[in-house]
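Per-entry structural report
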Amino acid sequence: MTAVEERTGEVGRARRRKEDQRLITGRTRWTDNIVLPGMLHLAFVRSPFAHARITSIDTAAAAAASGVIAVLTGADLDEEQGSLPNAWPITADMKTPRHPAMPADVVKFAGEAVAVVAARTAREARDAAELVDVDYDELPAVLDMEAAVASGAHLTHADLETNESATWVFDSAEAGTGTDVDAAIADARLNGVVIERRFRQQRLVPAFMEPRSVVVDPTGEQFVVWSATQVPHFVRIFLALGTGVPESKIRVIAPDVGGGFGGKLQFTPEELATFLVARRLGKPCKATETRTESILTAHHGRDQIQRLTLAATKDGTVTGLKVDLLADMGAYLGLVTSGIPILGAFMYNAIYKFPAYRFSCTNVFTNKTWTDAYRGAGRPEATFAIERMMDELAVELGRDPLEVREQNWIKHEEFPFSTVAGLQYDSGNYEAATAKAKELFGYDALRAEQQQRRDSGDPVQLGLGISTFTEMCGLAPSRVLGALSYVGGGWESASIRMLPTGKVEVITGASAHGQGHETAFSQIVADRLGVAFEDVEVLHGDTQIAHKGLDTYGSRSLVVGGIAIVNAADKVIEKARPIAAHVLEASEDDLEFKGGRFGVRGTDQGVTLGELSFAVFQGHNLPDGVEPTLDADATFDPENFSFPHGTHLCATEVDTETGAVKIRSYVCVDDIGEVINPMIVEGQVHGGLAQGISQALFEEAVHDDQGTLTTATFVDYLLPTAADLPHFTTDRTTTASTTNPLGVKGVGEAGTIASTPAVVNSVIDAVRHLGVSDIEMPLSPQRVWRAIRDGSAGASGEAAAASPHWDEPAQSGGVEASQTRSDEEGSQA
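The notes below deal with the structure included here. Sequence positions are assigned chain by chain, starting from 1 and proceeding in written order. Local features in this predicted model are restricted to residues whose pLDDT is 70 or higher, and side-chain atom pairs enter the listing and the counts only when it is 80 or higher, whereas totals over whole chains, interfaces and linings include all residues. Heavy atoms from the whole structure form the basis of all side-chain values; hydrogens and water molecules are not counted.

Points about the environment of D535
Elements are defined by DSSP. Helices are runs of H or I of four residues or more, strands are runs of E of two residues or more, and each kind is numbered from the N terminus. Considering the arrangement of structural elements, one finds D535 in the loop between α17 (517-529) and β21 (536-539). Partly exposed residues are those whose accessible area sits between 20% and 50% of the maximum for their type, while under 20% is buried and over 50% is exposed, using a 1.4 Å probe and protein chains only. Judged by relative accessible area, which is 23%, D535 ranks as partly exposed. Residues D535 and E439 lie 96 residues apart in sequence; the distance between their C-alpha atoms is 42 Å. Not counting chain neighbours up to four residues away, the residues in contact with D535 comprise K503 and V504. Between N or O atoms, a polar contact is any pair within 3.5 Å; within protein, one atom must be a potential hydrogen donor and the other a potential acceptor, and residues adjacent in sequence are included only when both atoms are from side chains. Looking at D535, its side chain comes within polar contact range of the side chain of K503, at 2.7 Å. Contacts are assigned to residue pairs that have any heavy atoms within 4.5 Å of one another.

Written out as structure tokens, the structure is:
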């Protein structure tokens, strides 16, 4: 790596985003804005049933309707549509059903497309779609995970003869990263404390701002595809593999994309179907989903049942953790569906020094929309579970929950630290982040106020919630992903073009959908090359321009893509050095590069990078054997994940008479390594907090007993507005990552991962003295009120049975109480 002695001061500067001017003035083009000559519009006919056999489809009336060019069914496309890909076979025996864009015989979830209408206008296509007459023979729907794995259960896919896709296990004793967890639990039952809990991660909808849209133009030498996607390079690869069209004949463009949150990390049925229809008809075709279609059929997130057993000594030192999951795949395996729960496997131990650990996850098929990546992807689920368990351990011991965490977390002087899950955390300082968060929060004063409210019987009780978290992000390294059986790699690519005018073009394989890539990457290059921020142009999202890349997800853009850009910039400097020496008639060893200029030490002689760019363009005076270019390419594959961390503290006020929850104060102190643009970081943190808090209090995708999604509009699927969220107090501590030259760690998912348990712990803390030890998310006023009512009734007998969404509290400390809970859960199951 080139040592650059002087920077322009761009890195660390809170610049407004370059992208915002075009976005907020409407001078951009979303996919749905694209209009091509002769373009047809598509509308899909979707099944109202969660599980049914298609007995007939009558398309005659639709085909005869005004403006209709074609009506195609799953049977019409069956020979060419193949199966949508799953890129993560987590076990050798994983069961992966065929996933058609439009099934020809049996639908597996409500909303699955069975036919498509192509018409001259979108209105004519939608009107004709309503004329398609489909007869179904309804089949039993599999909707409950636990029922799905029970003996004699109905089957989502009859040909598989089971609803279990795969079971993935990590055991620290077998892996050599720790000791035997069953022995640790057995010892704790005799001599310590055992906590056993069951948690429910509800199903969520990514709810990105811009519904998915795709346009395919088959009329030129290439198929040109515009798509509102996070992964244009993936889309091109899978279109080529699925259709037999060479990659060189497919160009995929992701124009400005209105959010994704993992929900656009997918190769969709609509993308494939639109491509096939356009190819068949020889005309450009566009398919843009409605909001209801987006909620109903774009993949969902979370949806797990978590059973955890935590062992500890009587003084509160954790000795073992056992995790058993059921994860709802939905009807199919999407692009990375099967691997999402596995990403969490390495994070249940979190920042704590567990000596023994076992994780087991069974992936289950149901007749619902498939699940896949959603902001955090496996890590929020893990953080929620362990942070809830640490609170439960503190209650069992009668101690402050922050104190118990500090007793068990990795100390700053212990880094780098090899975890029981087999990862190596390179840097961190949990003590510093927590101390700053406590100070900003006023922790001790709030604890005193909480006690006063309890003593006075105040109907509005105060609760304090804690989440001290870390996450693995910057999803790479390729060798690790390969060891986990993931099909793809984790590297990223970048190119830098030095233009004759001194301007700089940066080409990145990362594809933005709201992260501020153009701004942050411009700041990095401006600092590295000593050029003006305004003179850097970042190009992305077009496979013809950025021909190589692995796109954007998993907080990897900066820690992987950004480092590829750094490496390319350093190569530019090294390419320029011999040319500068030649022009200046000096030795390379006498040159120093500062502020975009090569100078000869001890003299005022020098030449700027811009001047060298023009000299290279001319090619008149170059050293022998030197190519006339300063352009450079780089591909970066990191040696490790990055591990941002932080402490989040939440104070909620709970009205015990109505169940209403109000967040009074929220403080988060995150360590995300070095910061490129503080303003962008603040935006990422705020957005992440909103989504994590929303899981805790508002959001849930609900199906009725027939498998119909009853929350398929924003009237029913509850999202918070600005008025529903508190003021956030944010701050940072910094321990630089040691695995990349910028020292960065990633921030895109931190707020979402940490905030959900902080909020839930806070609400439980407010009403625990009333007999409540758990409330299933989202913590709606109704659920909170019922939990308080049943807790006050003694949490036993008929009252407890009437409220299955919360666990019975301990009757006494130690083994007996936890053992009683475990036995009761077993008998209920």
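So that's the structure; there's more coming.
As for the nonpolar core
Grouping buried Ala, Val, Leu, Ile, Met, Phe, Trp, Tyr and Cys residues that are joined through side-chain atoms within 4.5 Å yields what is termed a nonpolar core. By size, the foremost hydrophobic cluster in this structure holds 131 residues, and its most contacted members are L310, Y348, F359 and Y666. Counting residues per element, this core draws most heavily on helix α12 (residues 379-397), at eight residues. Counting residues in each nonpolar core, the second largest holds 45 residues, with I496, M498, L529 and V616 among its members.

Concerning the sheet that holds strand β6 (residues 133-138)
The three strands lie next to each other as β4-β2-β6, forming an open sheet whose pairing is antiparallel. Strands with a single pairing partner mark the edges of an open sheet, and in this sheet they are β4 (106-107) and β6. In this scheme, strands are said to pair when DSSP sees at least two bridges between them. Strand direction decides the pairing type here: strand β2 (residues 52-58) and β4, joined by two bridges, are antiparallel. Following the sheet pairing, R53 is matched in β4 by V106.

Some points on helix α3 (residues 74-81)
Because each turn of an α-helix spans 3.6 residues, side chains separated by three or four positions in sequence point in the same direction. For α3, every residue scored as buried is listed here: G74, L77 and Q81. Take α3 and look down its axis: the buried residues cluster within an arc of 75°, on one side only. Facing away from the buried side of α3 by over 90 degrees, the exposed positions are A75 and E79. Of the surrounding elements, those touching the buried residues of α3 are β3 (68-73), β5 (113-119) and α9 (269-281). G82 sits one or two residues past α3 and shows a positive phi near 60°. To be clear, the arc concerns the directions from the helix axis to the C-beta atoms.

Some words on the packing of helix α8 (residues 232-243) against α9
To get an axis, fit a line to the C-alpha atoms, keeping to the stretch in contact for a helix; angles then go from 0 to 180 degrees between the N-to-C directions. One way to put it is that α8 packs onto α9 with a least axis distance of 11 Å and a crossing angle of 55°. It follows from the interaxial angle that α8 and α9 lie oblique. The element α8 and its partner α9 pack so that their crossing is right-handed. Residues V235, L239 and T243 of α8 pack against E271, L272, F275, L276 and R279 of α9. Here the term charged refers only to Asp, Glu, Lys and Arg, the term nonpolar to Ala, Val, Leu, Ile, Met, Phe, Trp, Tyr, Cys and Pro, and the term polar to all other amino acids, Gly among them. Residue composition of the contact of α8 with α9, grouped by class: five nonpolar, one polar and two charged. For this classification, under 35 degrees means roughly parallel, over 145 means roughly antiparallel, 65 to 115 means roughly perpendicular, and everything else is oblique. By convention, the crossing between two helices is left-handed when the near helix turns anticlockwise from the far helix through less than a right angle, and right-handed when the turn is clockwise.

Geometry only, nothing functional implied.
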